[in-house]
Amino acid sequence: LAQDNTFKIGLILPMTGQQATTGRQIEAAARLYMAQNGDTVAGKKIQLIVKDDTSLPDATRRLAQELVVNDKVNVLAGFGITPSALATAPIATQSKTPMVVMAAATSSITQASPYIVRTSFTLPQASVALADWAPKNGIKKVVTLVSDYGPGIDAEKYFKERLIFNGGQVTEALRVPLRGPDFAPFLQKVRDAKPDALFVFVPSGAGAAVMKQFAERGLDKAGIKLIGTGDVTDDDQLNDMGDVAVGVVTSHHYSAAHPSAMNKKFVEAFSKANKGLRPNFMAVGGYDGMRVIYEALKTSKGQGGGDALLAGMKGQIFESPRGKMFIDAQTRDVVQDIYLRKVEKKDGQLYNVEFDVIKDVKDPGKAK
Ligand code: DHB
């Protein structure tokens, strides 16, 4: 550990490349949290060290190793995609360094190391709520389209299981590559299959391309509804998606339009500090991740040792801009409300407007 009075947070994010919006959102949110809450906690000076892993897991692992060995960071944080989080888990375990996952959302991540705590969400958590909503709203036959890796496979599986349980069916399950996806041929297949709805999971940053192709292939005109987890109507991009997005129903843990006093303040402050940028669900994961770290440092009275910090992270319950949230002490995963939202235009701006809520949702993946 650092001999001096600093407390170091190694924040590894994709700042360039396909997932760069995730890095930009999380870094901005972490800096906002520090600006609002000061950079001295329990007598320690907080130092944020940001590293760009370009979303390549080999780079994430190498940077994590350097941060632990050379910089002697007290906490590792960030992790834009699942493969980056999984690649780093053994380093967290070996070095007993708490690892706060602020973005990646495959259910199994928290089981990869006892030092992982998550402040984002899980795809099973978000998907199940939509599979309960759909059949009650005229959607029985669904084609699923997901990015072909951890979170997409979780979304596909948990959405399908629950839809079948509710009397619906998935007529086809399509998977697109994570890197450089071309959605057009898949969407043509969906158009020909004419399901009631297309369920989509793509990672943050890819939603606008799906939306554009969906409209260009005329799926909306063919009466096929687009539904998905809230990743597809990502607040980082939503406003530029155009009218094709209006009416799209998604389920997720965060909307920039969440009508609480705390969220209004958060959105305003974030936007002001970042040239009008709207915070998305990645930003809120970063903001709350910093909260979890700050409070753990306070309860461990500034010791900064891995096990003491971890103990201070487990069981935290607090109000986030997303609503109430909780770090389950057993699973170290986030328990939170999941909202059903519909894209609406308000004063010329597109928003995910919440219309229903399922309270205190645990990750369904942990029960298996
Ligand atoms: C993951 C990445 C995302 O951008 C997202 O929206 C959900 C999950 C992931 O890789 O785990």
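Parameters at a glance
Residues numbered from 1 in each chain as written. Predicted model: local features only at pLDDT ≥ 70, side-chain atom pairs only at ≥ 80, totals over all residues. Heavy atoms only, no water. Phe/Tyr/Trp six-rings, centres within 6.5 Å; stacked < 30°, edge-to-face > 60°. Helix = DSSP H or I, 4+ residues; strand = E, 2+ residues; numbered from the N terminus. Buried < 20%, exposed > 50% of the residue type's maximum accessible area, 1.4 Å probe, protein only. Domains from an automatic or database assignment. Contact = heavy atoms within 4.5 Å. Buried area = accessible area lost by both parts, 1.4 Å probe. Salt bridge = Lys/Arg side-chain N within 4 Å of Asp/Glu carboxyl O. Polar contact = N/O pair within 3.5 Å; in protein donor to acceptor, adjacent residues only side chain to side chain. Pairing = 2+ DSSP bridges. Axes fitted to C-alpha atoms, helices over the stretch in contact; angles between N-to-C directions.

### A few points about the packing of aromatic side chains
For the structure shown, the criterion picks out eight aromatic pairs. Relative to Phe199, the ring of Phe159 has its centre 4.1 Å away and its plane inclined at 15°; by these criteria the two rings are stacked. Remark: Phe199 occurs in strand β9 (residues 197-201) and Phe159 occurs in helix α5 (residues 150-165); sequence separation between them is 40 residues. No difference in accessibility class separates Phe159 from Phe199, as the two residues are buried.

### Considerations on the domain arrangement of the protein
Entries for the protein in the domain assignment read domain 1 (6-121 + 259-332) and domain 2 (124-252 + 338-366). Inter-centroid distance (C-alpha atoms) of domain 1 to domain 2 is 27 Å. The interface is formed by 31 residues belonging to domain 1 together with 32 residues belonging to domain 2. For the pair domain 1 and domain 2, the summed buried surface comes to about 2100 Å²; carbon and sulfur atoms form 47% of the total. Counting the contacts that link domain 1 with domain 2 gives four salt bridges. Two residues, Arg278 and Asp235, come together in a salt bridge whose shortest N-O distance is 2.8 Å. At the boundary of domain 1 with domain 2, the tally comes to 14 residue pairs in polar contact (both at pLDDT 80 or more).

### Details of the sheet that holds strand β5 (residues 99-101)
Taken in spatial order, the six strands of this open sheet run β2-β3-β1-β4-β5-β6, and their pairing is mixed. The sheet is open, and its two edges are formed by β2 (40-41) and β6 (116-118), each paired on a single side. Examined bridge by bridge, strand β4 (residues 75-78) and β5 share three bridges and lie parallel to one another. Of the residues in β5, the one forming a bridge with Leu76 is Met99. Across the sheet, helix α3 (residues 82-95) lies against β4, β5 and β6, angled at about 160° from β5, the strand it touches most.

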